[in-house]
Amino acid sequence: MRLSRRQFFKVSAGTLGGTGLAALGMTPNIAKAEVRTYKLLRAKETRSVCTYCSVGCGMLFYSMGGKPKNSKAEIIHVEGDPDHPVSRGSLCPKGAGVKDYIHSPKRLKYPEVRRPGSDKWERISWDEAIRDIARLMKDDRDANFIEKNEQGTTVNRWVSTGALVTSAGTNENGFVTGKFLRSLGMIAIDNQARVCHDSTVASLAASYGRGAMTNHWCDIKNTDFILIMGGNAAEAHPVGFKWAIEAKKKGAEIYVVDPRFNRSAAVADYYAPIRSGSDIAFLGGVITWLIENDKINWEYVREYTNAAFIVHPDFDFEEGYFSGWDDKAQKYTDMSSWSYDLDENGHAKIDKTLQHPRCVFQMMKKHYAQYTPEMVERVTGTPKKAFLKVAAKLGEHSKPDKVSTILYALGWTQHTTGTQTIRTMAMIQLLLGNIGMPGGGVNALRGHSNIQGLTDLGLLSTQLPGYLNLPKDSQDSLEKYLAETTPKALRPGELNYWGNTPKFFISMMKTFYGKHATKENDWGFEWLPKWDKSYDIIQTIELMRQGKMTGYICQGFNPLAAVPDSNKTREAFAKLKYMVVIDPQETETSVFWQDHGEHNVHTKPENIDTVVYRLPAHAFAEGYGSIVNSGRWLQWHEKGADGPGESKGDAEILSLLLFELRRLYKEEGGACPEPVLNISWDYDQPTKPSPEEITKEQNGYALEDLYDANGKLIRKKGELLSSFAELRADGSTASGCWIYAGSWTEEGNQMANRDNSDPSGLGNTLGWAWAWPANRRVLYNRASLDRYGNPWDDKRVLYRWNGKKWTGFDTPDFKVDEPVGSEMSPFIMNPEGVGRLFSADKLVDGPFPTHYEPMESPLDENPIYPKTKNSPAARIFDRDRELLGSNKDFPYVGTTYRLTEHFQFWTKGAYAAAITQPEQFVEISEELAAEKGIAKGDWVKVSSNRGYIKAKAVVTKRIKALQVDGRTIHHVGIPLHWGFVGVARKGFLANHLPVAVGDANTQTPEYKTFLVNIEKISA
Ligand code: SF4
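Residues numbered from 1 in each chain as written. Predicted model: local features only at pLDDT ≥ 70, side-chain atom pairs only at ≥ 80, totals over all residues. Heavy atoms only, no water.

### Regarding the nonpolar core
Grouped together as the largest cluster of nonpolar side chains are 163 residues, with contacts concentrated most on Met137, Phe180, Phe505, Val942, Val972 and Ile1014. Residue contributions to this core peak at eight residues, all from helix α25 (residues 650-668). Those residues in contact with Met137 that lie beyond four places of it in its chain are Trp158, Phe180, Leu184, Ile553, Tyr578, Leu657 and Leu661. Core analysis: the second largest hydrophobic core is formed by 80 residues, Phe387, Val403, Ile435 and Tyr865 among them. (Core = buried A, V, L, I, M, F, W, Y, C linked by side-chain atoms within 4.5 Å. Buried < 20%, exposed > 50% of the residue type's maximum accessible area, 1.4 Å probe, protein only. Helix = DSSP H or I, 4+ residues; strand = E, 2+ residues; numbered from the N terminus. Contact = heavy atoms within 4.5 Å.)

The structure is reproduced here in C-alpha cells:
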C-alpha cells in the first residue's frame, strides 16, 4: 500500500491510527525517513590495539554474531578509542581501514599443501598438515642435529631448519613460540627486528644499558626541540606524531634532516638535506661543534657519563681502524684495548677534571676533530650553513632547563653503520644532558605493533627473553655462562642491575623446563642450544642458497618481500626440502614457486621441488593478549571476532606440532629427545594454551614460600610475583621474561589498566596499561635530577626525594631508597653506572662511531679516511660481494621507505589501502628527470646489479641533487609496499634492488643506501 504524504496525514487523522496501520503491515513509506536504529546498538564492543605500527593506537571493535552455535562473530565496524592516552580516538588511514585487512579476500581459510613440482595448492586437513610437517621436521632434526661440536662440547643445536617469527603476534604467542623452537634446539631463529630496529637495541643498550625507546609517545609534547633525522614520523607514525605537533603548539621547534623533503619536513620549522648513509659524518660534526662552542651540560657530563673514565693505554685509532685490527685476517681479532684503565679493585680510573689525555672526553674530542663543518658539507652534501643551523639549535639545549629530543626510525637503523649512527646521537644527547629528562631522550620509533615485545622475548638467533644471551659454544657450563654474562660493578657504589643475571636466567629456565629443571642438572642448561655464530636472516638465506638447509618456518613474516636481494631469496627457497607458512593471509613467500611473469622472474613451478605447507592463522582481531608499543607499554587487547574458515591461533598450531613431535619421539626415539619431552607445557588445555596462563608464566610466580632478608614471608608458594626484585637464583621462583615481572600480579592484569588520568600533566599515565620495566615511563629518570636530588628543570619534575624514598609521577628508575648524594649513578643497568660516550667492548666496530661509506657508495673513497672506505667489521658473503655494483654503471643512490597509507607488504591485501595508494611509483628530482628525459607519470626501470623493478615516475621538488665531494649525487626514492600478491595492482618487490649486507653489529640490512640506475621505458 503506497500513500502520499497528504493521504498519510488524512488517514492518520481518521479512525485508523498510525499504530494500527503499522500493525496491519501498511506502514507508509514516509516512516523510512525517520531515524533508524543505531547500527551498532546490538553490536558487541571490544577494545583492541592497532595491528600495524608501534604507536599502538587504541581501537574499538563492534562485532555481530558469534553467540548461536553455528555463527561466527564478525567485526562490522572499527573506530578509534577516545580514552586512549596516545591516540585519543585518532586512527591513521591504515588503522581506519583495518576492517578491510581483517576481511581481506586474501585471508587464508584452510590448510593447504603445494607438492614438489606442482603448480597448485591442495586443500588438506589440519591432522594431515600437522602429521606431515612434524614428520619432515623430525626427519631433518634426527639427521642433522649437532649434539657436540668439533671440540667435543655439548651444543645441542639444530641448524638445518630455521624459523621466522611474526612481528604482530601477541607476547603470549611469542613466548610459546620461543619455548617450542628452543626445545627443538633451533638456532636459525629471527624476527622482524632484524630487518628493522635491531641496530637500535645494540646501540642504545651499548650507550645506556637498555636497547629501547627511552621515553614514550605522549612525552614528546614536553620537549623544547625535536630533531627528526633517520625517520619520517609524520608519515610512518602518523598518530604518534600528534605529540610532536602538541610540542610545537607549545613553542617547540621541529627540524628535519633527510634526503627527501618529506611529510615531517612539510610541517617542520627547518629542513636540511643530507646524502643517505652519511649521518655519522653529520653527527660527528655536531659533537665537534658542541665541544668547540662550549655547548655541553658539563655537570651532567662529569657526573652521569663516562667522560671522566681513563681509557686503556693500548687503545688507539688510525686511518679508520681501531686498535686490534688484524690486517691479515681482515678483522678485529683483539678488542682487549677497547676498555678502561682499571685499578687494583677492578674499578675504572677516572679524572673528573676531564683533562687527562686518555680520558674518554679527550679521546672523543680527538676522534671527531676531523669532522669540521667543511668536512661535513663535503661528505654529506648538507650545505655548511644548514649544518651549522642544526648544530647551533641542538647546542641551545645543553642548558639544564632546555630539552631536545630525537625521533628516528629505519633511516638510521638500515645501514652497515646503523648501530653506530644511533650511538652518535645517543652520545650527543648525553653531552646535552637530555637523557632521563621528560621531553628528552632518544626516541627509537619502532615499526611493527609488537616487534618491541617479540624482541623483549628474545626471538632472535642468539637471544633469550629479557635480553639474556643464549649461551655460546665456549660457555660449556652454567657456571662459565653466568660468570661471563654477569657483570661486576666498574665503580664503587653502583647498582649494576645486570649483576642479578643468575636470578633472571634460572627463573626463566624454570618456566622453560618446569620440574625437569633442577639444581642437579644446572636447571637444564645443557638442553639449551649453544651458538657458534649468528644465524640472522642474511646468514640463513645464504646457507639455504648453498643447499645447507632443509626447512623453514615463516610465521607471519614474508621474507621474499622483506629480505634484501629477493632474487637470491627465491633461489634459496627453491633449494629447501620443505617450507611451512603460518599466516593470516596470502604472501609472496608462500607462492614463491608460482609464475607471476617478470614480477617473479618467470619462475617455473615444475623446476621447484620444495613442498610448501600453508596454515591459516588468526589475525590480531581474532585473538587476545598483550602487545608492546614503541614506548614499552604492554597493552592488553580483547578478542573481537572469530577467525575465518578453519584458521587457528599460533599458540594452538605450535602446540599441535609439539605434541605430534613428542608422540614421534616417544614412539621412535631420535636425536636428543629430552628437551622436546621436558619443555614445560602444563597448560589447562595443552594444545590450546590460554593467553592468561602464558602471560602469568611470563610474569612469574613463587615456587616456594619466599622470605625477605629479615625472615618475613613476602610471597606464598604459587602466588604471582609483584616485581623482578622478588626473583631468586635458587629455583624458588619462575619468570619467563624478567622485565615483564609486575605485568600480571596478585592484584590482577596490570596491562589491562585503563585509568588515563595524568596528574603531573607530563603525560605519564601510570594507570594506563603497564610499561616495562616496573611501569617506568621515562627510562633513566634519576638523571632528570642532579646528584643531590635537585631537578635540572622545575617544570619537568617526575619525582623527588621525600627524606625516605624517591616518589612522584613516575616509577623511579633507581634504587627507591638510595639517598641523595650517594655514589650511585642513574644508568643502573651499566656496571659503570653512567651513560657511555665510549662504548668500550660492547660493539664489534669500535667504541666511537666512525664514518664509513655504505657498502655501495656513489663515492670512490671515504673522504675522511681515504684508506678505509667501508666498515671494516661489516660482514659480506662472497656471492654478495661479487654482485656489488659500481658507481659507473649504477650512479644513483637508491633508498627505500614507507608510505602513510600502506603497512609493509600487508595492506596490499586490503581494499581501503589499495584504493588510497594503488600503484607502485618511484620518486626522482626534477634535475635527474631532466637529465634522463623522464616526465612525471612515465614508466621507468630502476636497476641495481642484482635485479630491477618497473614503476611510474613521480618527478618531485621533494628530492634535490646534492653536491658531495665534488660531484653531483642524485637519490631515487623507492616506496616498498608492492608485490605480486594482494588486491592492489601488481608491482615489483622493492627488495630486488638492495645488497644482502647488514649493519656490522646486528646484520640489519642496508636498505637505505644502494646503487641504482634509472631509465625511461615504454609501458
Ligand atoms: S598504523 Fe600506527 S598510527 Fe596508524 S592507526 Fe595503527 S597504530 Fe595508529
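### Quick look at the environment of Gly117
Mapped onto the elements of the fold, Gly117 is located in the loop between β4 (112-114) and β5 (122-123). The exposure class of Gly117 is partly exposed, given its relative accessible area of 27%. On a C-alpha basis, the gap between Gly117 and Leu634 in space is 45 Å, while along the polypeptide they are 517 residues apart. The contacts of Gly117, once residues within four sequence positions are left out, are Pro605, Glu606, Ile608 and Asp609.

### Observations concerning the packing of aromatic side chains
In this description, an aromatic ring pair is defined by two values, namely the gap between the centres and the angle between the planes. Using the criterion set out here, one finds 57 aromatic pairs in the structure. For the pair Trp121 and Trp593, a centre-to-centre distance of 5.3 Å together with 75 degrees between the ring planes defines the contact as edge-to-face. Taken as a pair, Trp121 in the loop between β4 and β5 and Trp593 in the loop between β22 (578-583) and β23 (611-616) lie far apart in primary sequence, 472 residues in all. Judged by its relative accessible area of 0%, Trp593 falls in the buried class. Taking the ring centre of Tyr948 as reference, the NZ or CZ of Lys941 above it sits at 4.3 Å. (Phe/Tyr/Trp six-rings, centres within 6.5 Å; stacked < 30°, edge-to-face > 60°. Lys NZ or Arg CZ within 6 Å of the ring centre and 35° of its normal.)

### Brief notes about a negative patch on the surface
Negative charge collects at one region of the surface, where Glu147, Glu479, Asp522, Glu526 and Glu674 lie side by side. In this structure, Glu479 sits in helix α20 (residues 478-485). Since its relative accessible area comes to 67%, Glu479 is described here as exposed. (Patch = residues over 30% accessible without salt bridge, like charges linked within 9 Å, V, L, I, M, F, W, Y side chains within 5 Å. Areas by Shrake-Rupley, 256 points an atom, 1.4 Å probe, with all protein chains shown as cover. Salt bridge = Lys/Arg side-chain N within 4 Å of Asp/Glu carboxyl O. Lys, Arg positive; Asp, Glu negative; His and termini not counted. Charge placed at Lys NZ, Arg CZ, Asp CG, Glu CD.)

### So, the packing of helix α6 (residues 171-183) against α25
Between two packed helices, the angle of one axis relative to the other and the distance separating the axes together describe the packing. In contact at an axis separation of 9 Å, α6 and α25 are set at 20 degrees when each is read in the N-to-C sense. Overall, the two elements α6 and α25 adopt an arrangement that is roughly parallel. As α6 packs across α25, the resulting crossing turns out to be left-handed. Residue-level inspection shows Asn173, Val176, Thr177, Phe180 and Ser183 of α6 in contact with α25, the latter providing Asp650, Ala651, Leu654, Leu657, Leu658 and Leu661. Across the contact of α6 with α25, the residue classes tally to seven nonpolar, three polar and one charged. (Axes fitted to C-alpha atoms, helices over the stretch in contact; angles between N-to-C directions. Parallel < 35°, antiparallel > 145°, perpendicular 65-115°, else oblique. Left-handed = near helix turned anticlockwise from the far one by under 90°. Nonpolar A, V, L, I, M, F, W, Y, C, P; charged D, E, K, R; others polar.)

### Some remarks on the sheet that holds strand β25 (residues 633-637)
Sheet architecture is open: three strands sit in the order β24-β25-β32, paired in antiparallel fashion. For this open sheet the edge positions go to β24 (625-628) and β32 (770-771), each flanked by a neighbour on one side alone. Relative to β32, β25 is paired through two bridges, and the arrangement is antiparallel. Residue pairing in the sheet places Trp633 in a bridge with Ala771 of β32. Packing against the sheet, α6 makes contact with β24 and β25, and its axis sits at approximately 90 degrees to β24. (Pairing = 2+ DSSP bridges.)

### Comments concerning the sheet that holds strand β18 (residues 442-444)
Across the sheet, which stays open at both edges, the five strands sit in the order β12-β11-β10-β17-β18 with parallel pairing between neighbours. Each having just a single partner strand, β12 (270-272) and β18 make up the two edges of the open sheet. Strand-to-strand twist of the sheet, defined as the mean angle between neighbouring strand axes without regard to direction, takes the value 20 degrees. Bridge analysis of strand β10 (residues 225-229) against strand β17 (residues 404-408) gives four bridges, and the strand direction is parallel. Bridged to Ile228 within β17 is Leu407.

### Brief notes about the site of the ligand
Looking at the ligand, the residues that line it are Cys50, Tyr52, Cys53, Val55, Gly56, Cys57, Leu91, Cys92, Lys94, Gly95, Pro238 and Val239. By residue class, the composition of the shell around the ligand is nine nonpolar, two polar and one charged. (Near = heavy atom within 4 Å.)

### As for the confidence of the model for the chain
Looking at the chain, pLDDT values average 95 and 96% of them are 70 or higher. Low confidence marks residues 1-28, where pLDDT is under 50. Its contacts with residues over four positions away, or in another chain, come to 13 contacts. (pLDDT = per-residue confidence, 0-100.)

### Let's talk about the pattern of salt bridges
A complete count under the given rule lists 68 salt bridges for this structure. The salt bridge involving Asp198 is made with Arg194; its shortest N-O contact spans 3.1 Å. With its nearest N and O atoms 3.0 Å apart, the salt bridge here joins Glu919 to Arg985. Of this pair, Glu919 sits in the loop between α29 (911-916) and β36 (921-925) while Arg985 sits in the loop between β41 (971-975) and β42 (1010-1017), and the two are 66 residues apart along the sequence. Taken together, the shared-partner salt bridges in this structure form one network comprising Glu542, Arg545, Asp565, Lys568, Glu571, Lys575, Arg879 and Asp880.

### Looking at the packing of α6 against helix α27 (residues 691-699)
Look at α6 against α27: their axes get within 9 Å of each other, and the N-to-C directions meet at 70 degrees. As summarised for this structure, α6 and α27 are arranged roughly perpendicular, according to the angle between their axes. Contacts from Asn171, Glu172, Phe175, Val176 and Lys179 in α6 reach Pro691, Ile694, Thr695, Glu697 and Gln698 in α27. For the contact of α6 with α27, the residue count by class is four nonpolar, three polar and three charged.

### Side note on the environment of Trp217
Within the secondary structure layout, Trp217 lies in the loop between α8 (198-208) and β10. Residue classification places Trp217 among the buried positions, given a relative accessible area of 2%. Here the alpha-carbon distance between Trp217 and Leu445, two residues 228 residues apart in the chain, equals 9.0 Å. Beyond its immediate chain neighbours, meaning those up to four positions away, Trp217 contacts Ser54, Val55, Val86, His237, Gly240, Trp243, Leu445, Asn629, Ser630 and Gly631. Looking at Trp217, its side chain comes within polar contact range of the main-chain oxygen of Ser54, at 3.3 Å. (Polar contact = N/O pair within 3.5 Å; in protein donor to acceptor, adjacent residues only side chain to side chain.)

### Re the pairing of β24
Across the two faces of β24 the burial is the same, with Gly625 and Ile627 and Ser626 and Val628 all buried. Note: β24 against β25, four bridges, orientation antiparallel. The residue bridging Gly625 from the neighbouring strand is His637, located in β25. Following β24, the chain reverses through four residues before pairing antiparallel with β25; Arg632 in that reversal takes a positive phi of roughly 70 degrees.

### Notes on the side chain of Ser655
Inspection of the secondary structure puts Ser655 in helix α25. Ser655 sits in the buried class, given a relative accessible area of 0%. Within the structure, the side chain of Ser655 is placed 2.6 Å from the backbone oxygen of Ala651, a separation counted as a polar contact. Beyond its immediate sequence surroundings of up to four residues, Ser655 is in contact with Trp681, Pro686, Thr687 and Pro689.

### Some details on helix α15 (residues 373-380)
Residues of α15 that are buried include every one of Pro373, Met375, Val376, Val379 and Thr380, and no others. End-on, the buried residues of α15 take up no more than an arc of 155 degrees, which puts them together on one face. Where α15 is buried, its residues contact α12 (279-292), α16 (384-396) and β39 (962-964). Within two residues after α15, Gly381 carries a phi angle of roughly 85 degrees, on the positive side. (Arc of directions from axis to C-beta.)

### Some points on the side chain of Arg836
Relative to the assigned elements, Arg836 resides in the loop between β34 (806-808) and α28 (878-882). A distance of 3.0 Å separates the side chain of Arg836 from the backbone oxygen of Ala206, its partner in a polar contact. Among all residues touching Arg836, those that are not within four sequence positions of it are Ala205, Ala206, Ser207, Asn306, Tyr340, Arg423, Met427, Leu430, Asn830, Pro831 and Lys842.

### Points about unusual backbone geometry
In the segment running from Trp772 into Pro773, the intervening peptide bond is cis, with an omega of -10 degrees. Positioned with a positive phi, Glu319 is a non-glycine residue whose angle comes to about 50 degrees. Checked against the element boundaries, Glu319 lands in the loop between β13 (317-318) and β14 (321-322). You will see that His602, though not glycine, has its phi angle at about 50 degrees, which is positive. Tracing the chain through its elements places His602 in the loop between β22 and β23.

### Some details on the pairing of strand β2 (residues 58-64)
Burial of β2 is extensive: six of the seven residues sit out of reach of the surface. Pairing between strand β1 (residues 44-49) and β2: six bridges, direction antiparallel. Its bridge partner being in β2, Thr46 is matched across the sheet by Phe61. Here six bridges tie β2 to strand β3 (residues 74-80), and the two strands are oriented antiparallel to one another. Bridging across to β3, Leu60 finds its partner in Glu79.

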